[in-house]
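Spelled out, the chains give:
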Amino acid sequence: MEQHVKQFDIAIVGAGPGGYSTALRAAELGRSVALIERDATLGGTCLNRGCIPSKALITATHTIDTVRRAAELGVNASVDGIDFGRLRDYRLHIIDTMTKGLAGLLAHRGVTVFHGEVTGLHQGTSSTTAGYTFDVTDSPVERYVRAGVPEPLGDTATITATHVVIATGSRPRPLPGIPFGNALIDSTHALAIDEFPASAVIIGSGAVALEFASMWQTAGTDVTLLIRKDRVLSGWDRRAAVTLTRELKRHGVTIVTHSHVTHVDTGVNLGATVHYTRDGEDGEHTVWGQIALAAIGRDPITDADWLTATGLRINADGMVATDPYGRTNLPHVWAIGDITEGPALAHRAFEQGITVAEAIADADPRPVDDATVPQVVFSSPEAASVGLTLDQAQLRDDLVNVSETVYPMLGNARMLMSGSAGSLSIVAGEYAADPDVPVVLGVHIVSPMASDLIAEAEQIVGNHVPLHDAARLIHPHPTFSETLGEALLKADGRPLNTR
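This section reports on the structure supplied with the text. Note that this is a predicted model, so its numbers are computed, not measured.

## Quick notes on the side chain of Thr-257
Turning to step 1, where the next piece is worked out: You can see Thr-257 is positioned in the loop between β11 (254–256) and β12 (259–267).
Turning to step 2, where the next piece is worked out: Not counting residues within four places of it along the chain, the set of residues in contact with Thr-257 comprises Ile-227, Lys-229, Asp-230 and Arg-278.

Right, dumping it as structure tokens:
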């Protein structure tokens, strides 16, 4: 039975960070909002299969690392093993708490949530149908006006809306010509494993690959990391990338550089044998692991028949073309998140969602500035970056007098106590249109708590704070944050505890 649902101002497809941030802000601005999600829970990949469960496990394994350093600090402690059942319960509890909290917040804001699969999107053609009409199917489609209280609508529901926001997200990318299967897994499968593997081969050098490498190695897994370049995070600031590569090796991760996977042999209960070549070497090499994790990126989910039939402009990489505010080539249709060009990060999608909601409400928002979106790797130690690298800044015609300042991290007392090495560099320069006023253009950090330190750096870079003003900010002593304060002083030509 088909049921028609009332007209909404905005209908959003996908309840991940981009979708639900759009919904929350639009409802706050007085718009009626329908949020359509095919999964059983809200939050998308980040909340259910990515950011949150992975960080829950990383938090747990950081405890192992701390205990192992205890003897060095004069504390007698040891790790007697891992209770994987309790660890699984901890991970699921965090996810459950966050997803239920999100459902409650959406209900409180007046967002109507539909659980079902979109099968059609049609532009309204009659005088009684404004905007667009969605066909949503399931067995049955469920509507939620109150959190946790489903209202079955039948196998098909029709939803109409003036504006449409596409936020369908992304999926793990398989190796070229090598599909996932058996012991060759993606990040979603890796997070669902109830026990850490005894050995693992990880293919990739980005955030997902490095976080699993750190987490599993700390938990006792024999980890081999296959990377294509001479360092991890090859697109990042070189100093930060080299530092993190060195630290991962020091922690026990085997890193094979300049490697290219040719095929993977897997079978039920046989593990994975990964075949690869190396630049400058003849022949083929192999490495075996109980599992092999391919973490080489993610692909946008834009291949559904209902979406491609709309005439939406999608490029060869599957990305939806938008203007800086998220508008597509179709009137009143917007796109955000991993299906748009730019960093595929939850916090970028949050800001895109807010921008789209405010643009629809004529609230005159600023477009998202991808140059000031911070990137973070929750490895051990952490890595974080925002703004331009030295090479990127030097290539810009609108920048002059570009320079890089390197801070010696072990000069910081908290870094010394942590037992970790690290790096911090600041890129500064002047805009040609405003010479003689140096500003901070980029900050690149490898250290414990880098994920928190980068927030201050983002404010400085994103707001184009003059270097001299940024360097006058006082940082509490003794803290990791002093590393940024001291680096700013040094960049400003007024070093305090450095030369």
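Still more ground to cover, so stick around.
## Observations concerning the packing of aromatic side chains
Turning to step 1, where the next piece is worked out: Per the stated rule, a full pass over the model turns up 5 aromatic pairs.
Turning to step 2, where the next piece is worked out: Here Tyr-20 and Phe-350 contribute two aromatic rings whose centre-to-centre distance is 5.8 Å and whose plane-to-plane angle is 55°, an arrangement assigned as tilted. Separated by 330 residues along the polypeptide, Tyr-20 in helix α1 (residues 17–28) and Phe-350 in helix α9 (residues 346–360) bring together distant segments of the chain.
Turning to step 3, where the next piece is worked out: Residue Tyr-20 is classed as buried on the basis of its relative accessible area of 15%.
Turning to step 4, where the next piece is worked out: Their ring planes at 65° and their centres at 6.4 Å tell us that Phe-134 and Trp-306 sit as a pair that is edge-to-face.

## Observations concerning the state of the cysteines
Turning to step 1, where the next piece is worked out: Here the structure, examined in full by the defined rule, presents 1 disulfide.
Turning to step 2, where the next piece is worked out: Note that Cys-46 is cross-linked by a disulfide to Cys-51, the S-S spacing being 2.3 Å. Its S-S torsion of approximately -130° makes the covalent link between Cys-46 and Cys-51 left-handed.

## Thoughts on the sheet that holds strand β10 (residues 222–226)
Turning to step 1, where the next piece is worked out: Taking strand neighbours across the sheet as the criterion, the 5 strands line up as β8-β15-β9-β10-β11 in an open arrangement whose pairing is parallel. Two strands bound the open sheet, and with one partner strand each, they are β8 (184–185) and β11.
Turning to step 2, where the next piece is worked out: Pairing of strand β9 (residues 199–203) with strand β15 (residues 291–294), which is carried by 4 bridges, proceeds in the parallel orientation. Across the sheet, Ile-202 pairs through a bridge with Leu-293, a residue of β15.

## Considerations on the pattern of salt bridges
Turning to step 1, where the next piece is worked out: On inspection of all chains with the given rule, the structure shows 20 salt bridges.
Turning to step 2, where the next piece is worked out: We note a salt bridge from Glu-117 to Arg-38, for which the minimum N-O separation is 3.4 Å. Taken as a pair, Glu-117 in strand β3 (residues 112–123) and Arg-38 in the loop between β2 (33–37) and α2 (44–49) lie far apart in primary sequence, 79 residues in all.
Turning to step 3, where the next piece is worked out: Salt-bridge contacts for Asp-492 lead to Arg-494; the nearest nitrogen and oxygen are separated by 2.8 Å.
Turning to step 4, where the next piece is worked out: Judged by its relative accessible area of 31%, Arg-494 falls in the partly exposed class.

## Digging into the nonpolar core
Nonpolar side chains tend to gather and get buried jointly when the protein is soluble and globular.
Turning to step 1, where the next piece is worked out: Residues Ile-202, Trp-216, Leu-225 and Leu-233 are the most contacted members of the largest nonpolar core, which totals 34 residues.
Turning to step 2, where the next piece is worked out: Elements represented by at least two residues in this core include exactly α3 (51–68), α5 (187–192), β9, α6 (207–218), β10, α7 (238–250) and β15.
Turning to step 3, where the next piece is worked out: Broken down by element, this core gets its largest block of residues, 6 residues, from α6.
Turning to step 4, where the next piece is worked out: For Ile-202, the residues in contact, after removing those within four places along its chain, are Ala-209, Phe-212, Ala-213, Trp-216, Val-223, Thr-224, Leu-225, Leu-226 and Leu-293.

Rules behind the numbers
- Residues numbered from 1 in each chain as written.
- Predicted model: local features only at pLDDT ≥ 70, side-chain atom pairs only at ≥ 80, totals over all residues.
- Heavy atoms only, no water.
- Helix = DSSP H or I, 4+ residues; strand = E, 2+ residues; numbered from the N terminus.
- Contact = heavy atoms within 4.5 Å.
- Phe/Tyr/Trp six-rings, centres within 6.5 Å; stacked < 30°, edge-to-face > 60°.
- Buried < 20%, exposed > 50% of the residue type's maximum accessible area, 1.4 Å probe, protein only.
- Disulfide = S-S within 2.5 Å.
- Pairing = 2+ DSSP bridges.
- Salt bridge = Lys/Arg side-chain N within 4 Å of Asp/Glu carboxyl O.
- Core = buried A, V, L, I, M, F, W, Y, C linked by side-chain atoms within 4.5 Å.

Geometric descriptors of this kind do not, in isolation, establish any biological role.
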